[in-house]
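Residues per chain, in single letters:
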Protein chains: 2
Amino acid sequence: MATSITSIRDLAASVRGRRRSLGLSQAQLAGRAHVSRQWVGQFEAGRPTAELRLVLQVLEALDLRLTLDERDGDRREPSSAIDLDALLDEHRRER
Amino acid sequence: MATSITSIRDLAASVRGRRRSLGLSQAQLAGRAHVSRQWVGQFEAGRPTAELRLVLQVLEALDLRLTLDERDGDRREPSSAIDLDALLDEHRRER
DNA sequence: ACAAAATGTCAGCGTACGGCGACAATCATA
DNA sequence: TATGATTGTCGCCGTACGCTGACATTTTGT
């Protein structure tokens with residue numbers, strides 16, 4: 001049951017959902033993740049400036065695993081954008 | 001080709017690896033992700049206090065996808081720790 | 001060998017983060 | 001309905017983040 005994370009809001013919603021499904025209060029989660037209760041609340045509300053380390057701590061406390069994979073082939077633009085830049089750089093070098 | 005992310009170091013290494021495999025410099029990636037070049041360098045070096053939003057921006061710029069999934073069943077302790085707390089809470093309520 | 005490109009590192013600046021205590025508002029339950 | 005639990009929000013404080021410019025060091029390419 002994997003959820004794709006494309007935004008902070010996705011992540012926040014997943015964290016809140018998981019916390020609730022485990023029957024934990026924000027305070028309990030905070031204790032396990034070594035963050036403040038207020039931090040949990042604000043993170044769940046979608047705060048984009050949260051510190052990565054603390055995010056990972058919370059995910060760990062909730063037994064949530066993050067995985068990272070490539071999505072080349074799924075996107076149309078980035079590969080052409082990359083080629084364009086590489087091309088220009090190369091062109092500049094040859095000149 | 002999915003990589004499990006269990007630490008900042010994992011993530012940083014994946015980002016650097018991906019950037020290199022795409023043939024991008026830190027400066028190029030920085031431009032695409034709307035962060036400073038120095039930020040990319042420090043993040044790749046494993047800085048744990050990076051801002052989540054910027055991390056997601058960089059992952060997007062590298063066409064890397066994050067997914068989140070539950071790992072109950074893989075761990076032995078958390079489920080017993082959670083049960084203990086829930087039990088105590090319930091016990092307190094009944095009293 | 002040398003030059004250009006890339007990366008590592010430093011310092012200054014302004015903004016804001018995380019923890020804390022506290023209180024308001026909301027929710028759950030008896 | 002009343003009460004306790006939970007969550008939202010505020011303000012204070014000290015620390016540090018991200019950007020920038022700059023320079024040192026390393027790597028790459030010829």
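Residues numbered from 1 in each chain as written. Chains lettered and ligands numbered in written order. Predicted model: local features only at pLDDT ≥ 70, side-chain atom pairs only at ≥ 80, totals over all residues. Heavy atoms only, no water.

S.K.: Which residues make up the overall build of chain A, and what values do they have?
M.R.: Summing up its helical and strand segments, chain A has 5 helices and 2 strands in all. Listed by position from the N terminus, the elements making up chain A come as β-α-α-α-α-β-α. Residues classed as buried in chain A amount to 40% of the 95 residues present. For chain A, the share of sequence-separated contacts (at least 6 apart) that also reach a separation of at least 24 residues comes to 50%. Of the accessible surface of chain A, which amounts to about 5500 Å², a share of 48% is contributed by carbon and sulfur atoms. (Helix = DSSP H or I, 4+ residues; strand = E, 2+ residues; numbered from the N terminus. Buried < 20%, exposed > 50% of the residue type's maximum accessible area, 1.4 Å probe, protein only. Contact = heavy atoms within 4.5 Å. Areas by Shrake-Rupley, 256 points an atom, 1.4 Å probe, with all protein chains shown as cover.)

S.K.: I'd love a proper account of the interface of chain A and chain B, names of residues and values included.
M.R.: Contacts between the two partners involve 41 residues from chain A and, on the opposite side, 41 residues from chain B. For the chain A and chain B pair, buried surface summed over both sides reaches about 4300 Å², with 54% attributable to carbon and sulfur atoms. Taken together, chain A and chain B are joined by 6 salt bridges. A salt bridge links Asp 63 of chain B to Arg 71 of chain A; the shortest N-O distance between them is 3.9 Å. Applying the counting rule to chain A against chain B returns 14 residue pairs in polar contact (both at pLDDT 80 or more). Looking at the side of chain A that touches chain B, the elements that each hand over two or more residues are strand S1 (2-5), helix H1 (8-21), helix H2 (26-33), helix H4 (52-61), strand S2 (64-70) and helix H5 (77-94) of chain A. Examining the composition of the side of chain A that touches chain B, we find that 7 residues originate from one element, S2 of chain A, more than from any other. Considering only residue class, the side of chain A that touches chain B consists of 19 nonpolar, 7 polar and 15 charged. Bridge count for S1 of chain A against strand S2 (residues 64-70) of chain B is 4 bridges, and the pairing is antiparallel. Of the residues in S2 of chain B, the one forming a bridge with Ala 2 of chain A is Asp 69 of chain B. (Buried area = accessible area lost by both parts, 1.4 Å probe. Salt bridge = Lys/Arg side-chain N within 4 Å of Asp/Glu carboxyl O. Polar contact = N/O pair within 3.5 Å; in protein donor to acceptor, adjacent residues only side chain to side chain. Nonpolar A, V, L, I, M, F, W, Y, C, P; charged D, E, K, R; others polar. Pairing = 2+ DSSP bridges.)

S.K.: Now, about the protein's contact with DNA strand D: what can you tell me, with residues and values included?
M.R.: Around DNA strand D, the structure places 17 residues, and the nearest of them are Arg 19, Gln 26 and Arg 37 of chain A together with Gln 38 and Glu 51 of chain B. Within 4 Å of the protein, the atoms of DNA strand D are drawn from sugar and phosphate moieties in a proportion of 64%. At 3.2 Å, a side-chain N or O of Arg 37 of chain B approaches a base nitrogen of DNA strand D. The separation between a phosphate oxygen of DNA strand D and a polar main-chain atom of Glu 51 of chain B is 2.7 Å. Sorting the residues of the surface near DNA strand D by element identifies H1 and helix H3 (37-44) of chain A together with helix H3 (37-44) of chain B as the ones contributing at least two each. (Near = heavy atom within 4 Å.)

S.K.: Explain the protein's contact with DNA strand C to me, using residue names and the numbers behind them.
M.R.: With respect to spatial proximity, 18 residues lie near DNA strand C, and among them Gln 38 and Glu 51 of chain A together with Arg 19, Gln 26 and Arg 37 of chain B are the closest. Glu 51 of chain A is positioned such that a nitrogen or oxygen atom in its backbone is 2.8 Å from a phosphate oxygen of DNA strand C. Arg 16 of chain B is positioned such that a nitrogen or oxygen atom in its side chain is 3.2 Å from a phosphate oxygen of DNA strand C. Elements that contribute at least two residues to the surface near DNA strand C include exactly H3 of chain A together with helix H1 (8-21) and H3 of chain B. Here the surface near DNA strand C is built from residues that sort into 4 nonpolar, 7 polar and 7 charged.

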